[in-house]
Amino acid sequence: MLIRGESGTGKELFARAIHDKSPRAAAPFVSLNCTAIPETLFESELFGHERGAFTDAKTSRKGMFELSGGGTLFLDEIGDMSQQAQAKILRALEERQVRRVGGDREISIDVRLVTATHQDLHQLQEEGLFRQDLYFRLNVFAIELPPLRARGDDILLLAYHFLHQYTTEFGKDIDRIEADAQNMLRQYHFPGNIRELRNIIERAVILCDGPALTAREFAELPGLG
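Residues numbered from 1 in each chain as written. Predicted model: local features only at pLDDT ≥ 70, side-chain atom pairs only at ≥ 80, totals over all residues. Heavy atoms only, no water.

Points about the pattern of salt bridges
Any two side chains of opposite charge can pair, so long as their charged atoms come close to each other.
Move 1: Across all of its chains, the model carries 18 salt bridges by this definition.
Move 2: Measuring nitrogen to oxygen at the nearest pair gives 2.5 Å for the salt bridge that ties Arg149 to Glu6. Residue Arg149 is located in the loop between β7 (142–144) and α7 (154–170), and its partner Glu6 is located in the loop between β1 (2–4) and α1 (11–20); the two are separated by 143 residues in the primary sequence.
Move 3: Residue Arg149 is classed as partly exposed on the basis of its relative accessible area, which comes to 32%.
Move 4: On the basis of relative accessibility, which here comes to 31%, the residue Glu6 falls in the partly exposed class.
Move 5: In this structure, Glu94 and Arg137 form a salt bridge, with 3.5 Å as the shortest nitrogen-oxygen distance. (Salt bridge = Lys/Arg side-chain N within 4 Å of Asp/Glu carboxyl O. Helix = DSSP H or I, 4+ residues; strand = E, 2+ residues; numbered from the N terminus. Buried < 20%, exposed > 50% of the residue type's maximum accessible area, 1.4 Å probe, protein only.)

Here it is, written out as structure tokens:
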């Protein structure tokens, strides 16, 4: 499965929701951001390693594929993965087996793989930067998450969700967003999508000293004041 969408649109939350509503819900949901792992450690993170496989491998360790056994492995920003890593992911999917770094045996896996990217994998594939066979394997079922600015009143639904979250966290008694503030949120472009909205509401709750969020709490934010 492939989830496409701009950064901050909630791709991991969507993947987790798929997991939670599936027969695999009782098994692990394991998440890995491909951009956060150095290339030299990527194979070990995904497939694990045996003791002595490299200098710091003092004990054997399971990789993400084993840790998510029976459940879901979510790989975010898969478009940033090297072609060498792509080939090993494809092999694991096709053979349903992995081999730990430094190991000499195949380990069977039962994992649902969900991937996500903000990039155009079709374009990367045409440019020779993403394997065509892996692209076709992942693109069997694709989901496009629209940017927040295209979601209409979802902006306010999410704003109220974050409002309740942060009023509880900070112990404040704020129960509404005034109409002028709502209009400002509707008109804002949200280049950072849901992640940016969450940060905006958190800051507004911190600044607010009344029972409602008003335009004043958003006045200093770019594009909202």
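Some points on unusual backbone geometry
Move 1: Not every positive phi belongs to a glycine, and Phe190 is a case in point at roughly 50 degrees.
Move 2: Note that Phe190 resides in the loop between α8 (179–187) and α9 (193–207).
Move 3: A relative accessible area of 0% places Phe190 in the buried class.
Move 4: Not every positive phi belongs to a glycine, and Asn193 is a case in point at roughly 55 degrees.
Move 5: Among the structural elements, Asn193 can be located in helix α9.

Some words on the pairing of strand β6 (residues 112–117)
Move 1: Counting buried residues in β6 gives five out of six residues, a clear majority hidden from the surface.
Move 2: Of the pairings in the sheet, the one linking strand β3 (residues 72–76) to β6 comprises four bridges and is parallel in character. Of the residues in β6, the one forming a bridge with Thr72 is Arg112. (Pairing = 2+ DSSP bridges.)

Re the sheet that holds β3
Move 1: Read from one edge to the other, the open sheet built from five strands follows the order β2-β3-β6-β1-β7, with strand pairing classed as parallel. Every other strand in the sheet has two partners, leaving β2 (29–33) and β7 as the edge strands with one partner each. Going from strand to strand, the sheet's axes swing by 20 degrees on average, the running direction of each strand aside. (Axes fitted to C-alpha atoms, helices over the stretch in contact; angles between N-to-C directions.)

A word on the side chain of Thr117
Move 1: Counting through the fold element by element, Thr117 comes out in strand β6.
Move 2: By relative accessible area, which is 0% here, Thr117 ends up buried.
Move 3: Within the structure, Thr117 has its side chain in polar contact with the backbone nitrogen of Gln119 (distance 2.9 Å).
Move 4: If near-sequence neighbours (up to four positions away) are discounted, Thr117 is found in contact with Leu2, Ile3, Arg4, Gly5, Lys11, Glu77, Ile78 and Gly79. (Polar contact = N/O pair within 3.5 Å; in protein donor to acceptor, adjacent residues only side chain to side chain. Contact = heavy atoms within 4.5 Å.)

Describing the packing of α7 against α9
Move 1: At a closest axis distance of 9 Å, the pairing of α7 and α9 adopts a crossing angle of 45 degrees. One element, α7, and the other, α9, form an angle in the oblique class. Between α7 and α9 lies a crossing whose hand is right-handed. In this structure, α7 uses Ile155, Leu158, Ala159, Phe162, Leu163, Tyr166, Thr167 and Phe170 to contact α9, whose residues at the interface are Ile194, Leu197, Arg198, Ile201, Glu202, Val205 and Ile206. (Parallel < 35°, antiparallel > 145°, perpendicular 65-115°, else oblique. Left-handed = near helix turned anticlockwise from the far one by under 90°.)

As for the nonpolar core
Move 1: Residues Leu46, Phe65, Leu75 and Ile89 are the most contacted members of the largest nonpolar core, which totals 30 residues.
Move 2: Contributions of two or more residues to this core are made by β2, α2 (39–47), α3 (64–67), β3, α4 (83–95), α5 (121–126) and α6 (132–138).
Move 3: Sorting elements by how many residues they give to this core places α4 first, with five residues.
Move 4: Each residue touching Leu46, except ones within four places of it in the same chain, is listed here: Leu32, Gly63, Met64, Phe65, Leu75 and Ile89.
Move 5: Residues Tyr166, Ile174, Ile177 and Ala204 belong to the second largest nonpolar core, which totals 24 residues. (Core = buried A, V, L, I, M, F, W, Y, C linked by side-chain atoms within 4.5 Å.)

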